[in-house]
Amino acid sequence: MPIRLCGKNKTTTPKRETTECPDNLCVYMAQAGYLLDGLFYVTISAGDINLESIGIMSTPKLELRNVSKTFHANGMVVRALENISLAVTPGEFLTVIGPSGSGKSTLFNLITGLLEPDSGEILLDGVVDVVRAGHFGYMPQRDLLLPWRSVLDNVIIPLELRGIPRTDARTRARQMLPMFGLEDFADSYPASLSGGMRQRAALLRTILTERDTLLLDEPFGALDALTRRELQDWLLGLWEQFRQTVVFITHDVEEALYLGDRVAVLSPRPGRVANMLAVDLPRPRRRGMIALPQFGRQMSELLESLGVEV
Ligand SMILES: Nc1ncnc2c1ncn2[C@@H]1O[C@H](COP(=O)(O)OP(=O)(O)OP(=O)(O)O)[C@@H](O)[C@H]1O
Ligand SMILES: [Mg+2]
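Just so you know, these numbers come straight off a predicted model, no measurement behind them. (Residues numbered from 1 in each chain as written. Chains lettered and ligands numbered in written order. Predicted model: local features only at pLDDT ≥ 70, side-chain atom pairs only at ≥ 80, totals over all residues.)

### Let's talk about the site of ligand 1
In step 1: In the region of ligand 1, 14 residues are neighbours, and Phe71, Ser100, Lys104, Ser105 and Thr106 sit closest.
In step 2: Elements with a minimum of two residues in the shell around ligand 1: β5 (62-73), β6 (76-88) and α1 (104-111).
In step 3: Sorting elements by how many residues they give to the shell around ligand 1 places α1 first, with three residues. (Near = placed C-beta within 6 Å. Helix = DSSP H or I, 4+ residues; strand = E, 2+ residues; numbered from the N terminus.)

Structural data, given as structure tokens:
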């Protein structure tokens, strides 16, 4: 597959192009890569990550090719998504931003197979026409904890659905509670939890699906700024440990930049990919990076692609 190499963030003006991965490239850090029109784009900066370790030479975990979706409801025709093409590499953290109604949640409903596209293809591990249900850990936009079940019994639902006996499921989930800061709340009911704790419980439930791809729809949307930051760092720590492939929807441009390897910007409805920014920030992310000049520059680029004057 041809690989196009780009300077820091200059995805439109590649410095050189090659048809194979040269050996000496492996001493550089590639922040992220993505497929477009059959070319693999990768942003290079100084560092020491092997390209294979970020999946550059492998098949995308998830790929959408020219996916469109229109809804017909109550006599109305709503064109939600139009010609969406994107690929997510294994272990990548892709964030998605876009105005309300631009089809972000619809994108997840299509990926998980809850909806079918009108046209286009969705590939999992390079395979088209595969049954998509059950391949993802999906956290929908609302946390959807069951009010009549305790925290522990909420988070074991994916295990129970897989036929694991409840006592075994509880034992397994209980071991994970400390990592999610919920060890003292196993027997509490959702109504007695704070917003942040509810989100952490919903995330734990998503992670207990034990899928290697997580689709998180505004998981921190309803939280105050402080709790949100805490959970962002906590999620990054978790991702650095387990390296699942993550697609993360948010309204918050700063959050998208701080978390993501790349940020996909959707246009107003019908949602199209208006920009795909390869984030120029090292890993692991640290709060102080928000003060870096390149953070501000990339924030401006993202806001501009959202049509916000900066
Ligand atoms: N099942 C459905 N039936 C009819 N219309 C739908 C359906 N699901 C979504 N839509 C419409 O498709 C458009 C995109 O909705 P979607 O929920 O994907 O947007 P979103 O980008 O997630 O918005 P938000 O940021 O507010 O969550 C909206 O106009 C919505 O009304
Ligand atoms: Mg939504």
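### Observations concerning the sheet that holds strand β9 (residues 137-139)
Adjacent strands of a sheet form backbone hydrogen bonds with each other and so pair up, either parallel or antiparallel.
In step 1: Spatial strand order, β9-β10-β11-β7-β12-β13: six strands in an open sheet with mixed pairing. Each of the sheet's edge strands pairs with one partner strand only, and the pair in question is β9 and β13 (273-278). Shown here is a sheet whose adjacent strand axes are inclined to one another by a mean of 15°, direction ignored.
In step 2: Taken together, the four bridges between strand β7 (residues 93-97) and strand β12 (residues 262-266) define a ladder with parallel strand orientation. By the bridge assignment for β12, threonine 95 is matched with valine 263.
In step 3: Docked against the sheet, α1 engages β7, β9, β10 (213-217), β11 (245-249) and β12, running at close to 150° with respect to β10. (Pairing = 2+ DSSP bridges. Axes fitted to C-alpha atoms, helices over the stretch in contact; angles between N-to-C directions. Contact = placed C-beta atoms within 7 Å.)

### So, unusual backbone geometry
Excluding glycine, most residues fall at negative phi; most peptide bonds, likewise, are trans.
In step 1: Cis geometry marks the peptide bond from arginine 269 to proline 270; its omega dihedral reads -5°.
In step 2: By the secondary structure assignment, proline 270 is in the loop between β12 and β13.
In step 3: With an omega dihedral of -5°, the bond running from arginine 283 to proline 284 counts as a cis peptide bond.
In step 4: Located in the positive-phi region is asparagine 74, a residue other than glycine, with phi close to 50°.

### Some remarks on the environment of arginine 132
In step 1: In this fold, arginine 132 is placed in the loop between β8 (119-124) and β9.
In step 2: For the pair arginine 132 and threonine 112, spaced 20 residues apart in sequence, the C-alpha to C-alpha distance is 5.5 Å.
In step 3: Excluding anything up to four places from it in sequence, arginine 132 contacts Ile111, Thr112, Gly113, Ile122 and Leu124.

### Quick notes on the pairing of β5
In step 1: Across nine bridges, the pairing between β5 and β6 is antiparallel. Considered in β6, the bridge of leucine 62 is made with valine 88.
In step 2: The turn linking β5 back onto β6 is made up of two residues, and asparagine 74 within it adopts a positive phi angle of 50°.
In step 3: Sheet analysis places β5 next to β8, joined by five bridges and oriented antiparallel. Of the residues in β8, the one forming a bridge with leucine 62 is leucine 124.

### With respect to the nonpolar core
In step 1: Core analysis: the largest hydrophobic core is formed by 59 residues, its most contacted members being Ile111, Leu204, Leu215, Val263, Ala264 and Leu302.
In step 2: No other element matches β6, which puts six residues into this core.
In step 3: In this structure alanine 264 touches Leu86, Leu94, Val96, Val273 and Met276, once residues within four positions along its chain are discounted. (Core = buried A, V, L, I, M, F, W, Y, C linked by C-beta atoms within 7 Å. Buried ≥ 20, exposed ≤ 12 C-beta atoms within 10 Å, placed from the backbone.)

### As for α1
In an α-helix there are 3.6 residues to a turn, and that puts residues three or four apart on one side.
In step 1: Taking burial as the measure, the eight residues of α1 include six buried ones, the bulk of the element.
In step 2: Within two residues after α1, glycine 113 carries a phi angle of roughly 85°, on the positive side.

### Brief notes about the sheet that holds β6
In step 1: What the three strands build is an open sheet, ordered β6-β5-β8; its pairing is antiparallel. The open sheet terminates on both sides in strands that have one partner only, identified here as β6 and β8. On average, each strand axis in the sheet is tilted by 25° relative to the strand beside it, whichever way the strands run.

### Describing the confidence of the model for the chain
In step 1: Summing up the model confidence of the chain, the mean pLDDT is 84 and the portion of residues at 70 or higher is 81%.
In step 2: In this model residues 1-32 is a low-confidence stretch, pLDDT under 50, and it forms 68 contacts with partners more than four residues away in sequence or in other chains.
In step 3: Segment residues 45-56 is flagged for pLDDT under 50; beyond a separation of four residues in sequence, or across chains, it makes 34 contacts in the model. (pLDDT = per-residue confidence, 0-100.)

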